[in-house]
Amino acid sequence: MAADFSLIQFDGAQALTQTVNASIRAQGADPQACGSVGTKTDEFIALIESRAFIRECIRRSMQSALPLQIRTFSQAIELQRIADQTPKLILLSALDDNNEPSESVFKLLSQIAPSIPIIVLAYKNDTKTAKAAISYGAKGYIPVTSGFEITIEAVRFVLAGGFYVPVDYLFMPTWAGDQPSNPPPGSGTVTALEL
């Protein structure tokens, strides 16, 4: 079979790609449906990452493991352009040592998509940054030191309504230090010791 190449436009740049439609059709699948098999076309995960290469690497690796389409954005403000479509989850990439997730980004996201869970993919693996992200409203904090499978399962867990931070954070004194050690009787609150 001869290789079929085509020129595509991607983020303002052109790229040469090999067309695989013939082999997909030979397997009995629709090439346009691949990547969204078994998903609703209106449901998606929004990935916000400013650097095109990093953004595309994250999208491609995670897309193969998650049932929802992943759409990419270079800035949070770009989500306003698709106001008629709301993501099921927002992945906010903070993969730069100097680019901690800021309160202003979370405020903007809460205005654009107020009830959408946010997960921070973080460069820093520390409780201080995680606590800041959670205090701003994130439902998950995943440092890039986590394995791929753990990251995917954490995303699935948050999609299902859960909350995720690395379990070792919960045992650190700085994390549990904000929890009351003796809650009022009958409050149902778990003490730091019980945690």
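Residue positions are counted from 1 within each chain, in the order its sequence is given. A pLDDT threshold of at least 70 governs which residues receive local features in this predicted model, and a stricter bar of 80 or more applies before side-chain atom pairs are shown or counted, although totals over entire chains, interfaces and linings include all residues. Just so you know, side-chain values use all the structure's heavy atoms and leave hydrogens and water out.

K.L.:
What should I look at first to understand the overall build of the protein in this one?
P.N.:
Starting at the N terminus, helices and strands are each numbered in turn, a helix being any DSSP run of H or I of at least four residues and a strand any DSSP run of E of at least two. Within the protein, the secondary structure is distributed over 7 helices and 7 strands. Mapped from its N terminus to its C terminus, the protein presents α and β elements in the order β-β-α-β-α-β-β-α-β-α-β-α-α-α. The rule is simple: take the accessible area with a 1.4 Å probe, protein chains only, and divide by the maximum for that residue type; under 20% is buried, over 50% is exposed, in between is partly exposed. Taking all 195 residues of the protein together, 34% fall into the buried category. In what follows, a contact means two residues having at least one pair of non-hydrogen atoms within 4.5 Å. A separation of at least 24 residues holds for 60% of the contacts in the protein among residues at least 6 apart in sequence. Accessible surface area values rest on a Shrake-Rupley calculation with a 1.4 Å probe, where residue burial reflects the displayed protein chains alone. For the protein, the accessible surface area stands at approximately 11,800 Å², while carbon and sulfur atoms represent 54% of it.

K.L.:
Can you walk me through helix α2 (residues 52-63) in this structure?
P.N.:
Given 3.6 residues per helical turn, the α-helix brings residues three or four places apart onto the same face. Between its terminal C-alpha atoms α2 stretches 16 Å, which fits the 16 Å expected from 12 residues at 1.5 Å a residue. Here α2 has its buried residues at R55, E56, I58, M62 and Q63. All buried residues of α2 project into a common sector of 160° when viewed along the axis, lining one side. Projecting away from the buried face of α2 at angles above 90 degrees are the exposed residues F53 and R60. In this analysis, the expected span of each helix is defined as 1.5 Å times one less than the number of residues it contains. An arc is given here, and it is the one of the directions from the helix axis to the C-beta atoms.

K.L.:
I tried to follow the side chain of T129 on my own but got confused; where do I start?
P.N.:
If you trace the backbone, T129 turns up in helix α4 (residues 127-135). Under the rule applied, a polar contact is a pair of N or O atoms within 3.5 Å (in protein, one hydrogen donor and one hydrogen acceptor; residues adjacent in sequence only if both atoms are side-chain atoms). Side chain to side chain, T129 and D126 meet in a polar contact 2.6 Å long.

K.L.:
What is the right way to look at the confidence of the model for the protein in this model?
P.N.:
If pLDDT is low for a region, its predicted coordinates should not be looked at in detail. Residues at a pLDDT of 70 or more form 63% of the protein, whose mean pLDDT is 74. pLDDT expresses, on a scale from 0 to 100, how confident the predictor is about each individual residue. Here residues 1-40 scores under 50 on pLDDT; set against residues more than four positions off or in separate chains, the count is 33 contacts. Segment residues 179-189: pLDDT under 50, and 7 contacts once partners within four positions in sequence are set aside and those in other chains are kept.

K.L.:
Quick question: what am I supposed to make of the pattern of salt bridges here?
P.N.:
Pairing of side chains with opposite charge becomes possible as their charged atoms draw close. Counted as salt bridges are all cases of a side-chain nitrogen of Lys or Arg within 4 Å of a carboxyl oxygen of Asp or Glu. Following the criterion strictly, the structure yields 4 salt bridges and no others. In this structure, the salt-bridge partner of E153 is R156, at a minimum N-O distance of 2.6 Å. With E153 and R156 both in helix α5 (residues 148-159) and 3 residues apart, this pair spans about one turn of that helix. Assessed through its relative accessible area of 41%, E153 is described here as partly exposed. Beyond isolated ion pairs, a larger network of salt bridges with shared partners links E56, R59 and R60.

K.L.:
What should I look at first to understand the packing of aromatic side chains in this one?
P.N.:
For any two aromatic rings, the description comes down to two numbers: the centre-to-centre distance and the angle of the planes. Only Phe, Tyr and Trp rings take part, Trp by its six-membered ring, and two of them pair if their centres are within 6.5 Å. Stacked means planes under 30 degrees apart, edge-to-face means over 60, and tilted covers everything else. Inspection of the entire model under this criterion finds 1 aromatic pair. Seen in terms of ring centroids, Y141 and Y169 are 6.1 Å apart; in terms of plane orientation they differ by 45°. Their pairing is tilted. On the criterion of sequence distance, the pair formed by Y141 in strand β7 (residues 140-143) and Y169 in helix α6 (residues 167-170) is long-range, its members being 28 residues apart. A single burial state applies to Y141 and to Y169, both of which are buried. One residue, R71, lies across the ring of F44, its end atom 4.0 Å from the ring centre. We count a charge as sitting over a ring when the NZ of a lysine or the CZ of an arginine lies within 6 Å of the ring centre and within 35 degrees of the ring normal.

K.L.:
Whenever I open this one, the environment of P67 confuses me. Can you help?
P.N.:
Checked against the element boundaries, P67 lands in the loop between α2 and β4 (69-73). Expressed as a C-alpha distance, the spacing of P67 and E43, which sit 24 residues apart in the sequence, is 9.7 Å.

K.L.:
Would you mind going over the sheet that holds strand β6 (residues 118-122) with me for this structure?
P.N.:
Hydrogen bonds along the backbone pair up the strands of a sheet, which may run parallel or antiparallel. DSSP-based pairing: two strands are paired if at least 2 bridges between them are found. With parallel pairing, the 5 strands of this open sheet are ordered in space as β4-β3-β5-β6-β7. Pairing within the sheet leaves two strands with one partner each, and these edge strands are β4 and β7. Ignoring which end each strand starts from, the neighbouring axes of this sheet average 20° apart. The sheet contact formed by strand β3 (residues 44-48) and strand β5 (residues 89-94) spans 4 bridges and is parallel. When the sheet's bridge partners are listed, L47 is paired in β5 with L91. Between N-to-C directions, angles span 0 to 180 degrees; the directions come from axes that are lines fitted to C-alpha atoms, helices contributing only their stretch in contact.

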